[in-house]
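Take a look at the letters that make up each chain.
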Amino acid sequence: MRPGASTLFPLLVLSILAGLSFWLEQATEVPLVSDTGKSRHDPDTLVDQLTVFRHGPDGQLKYKLVASHMEHFPDDESSLVVAPHLTSYRPDAPEVVLTGKTALVTQEGKHVLVRDEVVVTRAAFAGRAEMTARTPELTVLPEEGKAYNQHPVQITQGESWMRGIGVQVDNNLGTFSLQSSVTGEYLRKRQPQTETRP
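Only a predicted model underlies this, so the values are computations on that prediction, with no experimental measurement involved.

Caption draft 1: Highlighting the overall build of the chain. Along the chain, the regular secondary structure elements total 1 helix and 11 strands. In sequence order, the chain lays out its α and β elements as α-β-β-β-β-β-β-β-β-β-β-β. Considering only contacts in the chain between residues 6 or more positions apart, those separated by 24 or more positions represent 34%. As presented, the chain carries roughly 14,100 Å² of accessible surface, and 56% of it is formed by carbon and sulfur atoms.

Okay, here's the thing in structure tokens:
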């Protein structure tokens, strides 16, 4: 005895409904998230009163980083540093000190983005006055001894000053180069006059 159309129709409808139910369940199922913390931007390491020294292949000190607090994030291997104080050294040249309110350090420390009230100071040397640069933020390449940005910068040295947009800093050469909209005033140090007697 063959089933009639009236018997097959309900079976067909039930089959379609069962298929739709399965599809809806798969489509709306929320994937389980691993609880290891790797997928979230949560710190896995907290350090207070941090000091890091970096030496070159010859054993000479290249730079020293001091900070009040650091947080490391495992999802992208970055670190947030609070109150960074980075001192860069090179032979036979004045040290350069960089400070800011915060710094974001990328994986392996190759890039450091220093933010908020960034100040770069090159110590006085060879009769030249101390040089200071101020800017909102600065990207630093510690291993290369270089830094750059595309923000307003003000540089002062003694009574001389310069302002511009964007800067290239090369600690290997001891240079600060402003990129555009540069204005300034250079005042040469006056030599003391000697009295002459008749």
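Caption draft 2: Geometry of the nonpolar core. If you look at the biggest cluster of nonpolar residues, it comprises 26 residues, and the most contacted ones within it are Leu-98, Val-114, Val-120, Leu-138, Val-140, Ile-155 and Phe-176. Among the elements of the structure, strand S2 (61–73), strand S5 (96–99), strand S6 (102–105), strand S7 (112–122), strand S8 (131–141), strand S9 (146–157), strand S10 (160–170) and strand S11 (175–185) are those that each provide at least two residues to this core. Apart from the residues lying within four places of it in its own chain, the contact partners of Leu-98 are Pro-84, His-85, Leu-86, Val-114, Val-118, Val-119, Val-120, Leu-138 and Val-140.

Caption draft 3: Structural view of the pairing of S9. With 7 bridges joining them, S8 and S9 adopt antiparallel strand pairing. Of the residues in S9, the one forming a bridge with Thr-132 is Thr-156. If you look at the hairpin formed by S8 and S9, you'll find 4 residues sitting between the two strands, and Gly-145 has a positive phi there, around 70 degrees. Sheet topology note: the S9/S10 ladder contains 10 bridges and is antiparallel. Looking across to S10, one finds that Ala-147 is bridged to Val-169. A loop of 2 residues connects S9 with S10, the two strands running antiparallel in sequence, and Gly-158 in this loop sits at a positive phi of about 60 degrees.

Caption draft 4: Focus on the environment of Val-153. With respect to the helices and strands, Val-153 occurs in strand S9. Put simply, Val-153 and Glu-137 are 16 residues apart on the chain and 9.4 Å apart in space, counted from C-alpha to C-alpha. Setting aside residues no more than four positions away along its own chain, Val-153 makes contact with Ala-133, Arg-134, Thr-135, Met-162, Arg-163, Gly-164, Gly-166, Val-167 and Leu-178.

Caption draft 5: Structural context of the packing of aromatic side chains. As enumerated under the stated definition, the model contains 0 aromatic pairs in all. If you follow Arg-163 out to its NZ or CZ, it ends over the ring of Trp-161, 4.4 Å from the centre.

Caption draft 6: Structural detail: the pattern of salt bridges. Taken as a whole and judged by the stated rule, the model has 1 salt bridge. Two residues, Lys-101 and Glu-117, come together in a salt bridge whose shortest N-O distance is 3.3 Å. Separated by 16 residues along the polypeptide, Lys-101 in the loop between S5 and S6 and Glu-117 in strand S7 bring together distant segments of the chain. Overall, the relative accessible area of 45% leaves Lys-101 in the partly exposed class.

Caption draft 7: Here's a closer look at the environment of Ala-83. Locating Ala-83 in the fold gives a position in the loop between strand S3 (78–82) and strand S4 (85–88). You can call Ala-83 partly exposed: its relative accessible area is 37%. The spatial distance from the C-alpha of Ala-83 to the C-alpha of Lys-101 is 4.6 Å, given a sequence separation of 18 residues. If sequence neighbours within four positions are ignored, Ala-83 has contacts with Val-66, Ala-67, Ser-68, Gly-100 and Lys-101.

Caption draft 8: Broad picture of unusual backbone geometry. Located in the positive-phi region is Ala-83, a residue other than glycine, with phi close to 55 degrees. Positive phi values are uncommon outside glycine, yet Ser-181 reaches one of about 50 degrees. Position of Ser-181 relative to the elements: it lies in strand S11. Judged by relative accessible area, which is 58%, Ser-181 ranks as exposed.

Rules and cut-offs
- Counting starts from 1 at the beginning of each chain's written sequence and moves along it residue by residue.
- Only residues with pLDDT of 70 or above have their local features reported here, since the model is predicted, and side-chain atom pairs are shown and tallied only from 80 upward, although totals for entire chains, interfaces and linings are computed over all residues.
- Excluding hydrogens and water, the side-chain values take into account all heavy atoms of the structure.
- Helix numbers and strand numbers start at the N terminus; a helix is a DSSP run of H or I with at least 4 residues, a strand a run of E with at least 2.
- Between two residues, a contact is recorded if the distance between any of their heavy atoms is within 4.5 Å.
- For accessible areas, the Shrake-Rupley method is used with a probe of radius 1.4 Å. Any residue's cover is judged against the shown protein chains and nothing else.
- The criterion is simple. A nonpolar core is a set of buried Ala, Val, Leu, Ile, Met, Phe, Trp, Tyr and Cys residues joined through side-chain atoms within 4.5 Å.
- Only protein chains enter the accessibility calculation, which uses a 1.4 Å probe; a residue is then buried when its area is under 20% of its type maximum, exposed when over 50%, and partly exposed in between.
- DSSP-based pairing: two strands are paired if at least 2 bridges between them are found.
- Any pair of Phe, Tyr and Trp rings, taking the six-membered ring for Trp, is counted once the centres come within 6.5 Å. Such a pair is stacked with planes under 30 degrees apart, edge-to-face with planes over 60 apart, and tilted for the rest.
- Over a ring means this: the NZ of a Lys or the CZ of an Arg is within 6 Å of the ring centre and within 35 degrees of the ring normal.
- Throughout this description, the term salt bridge denotes a Lys or Arg side-chain nitrogen within 4 Å of a carboxyl oxygen of Asp or Glu.

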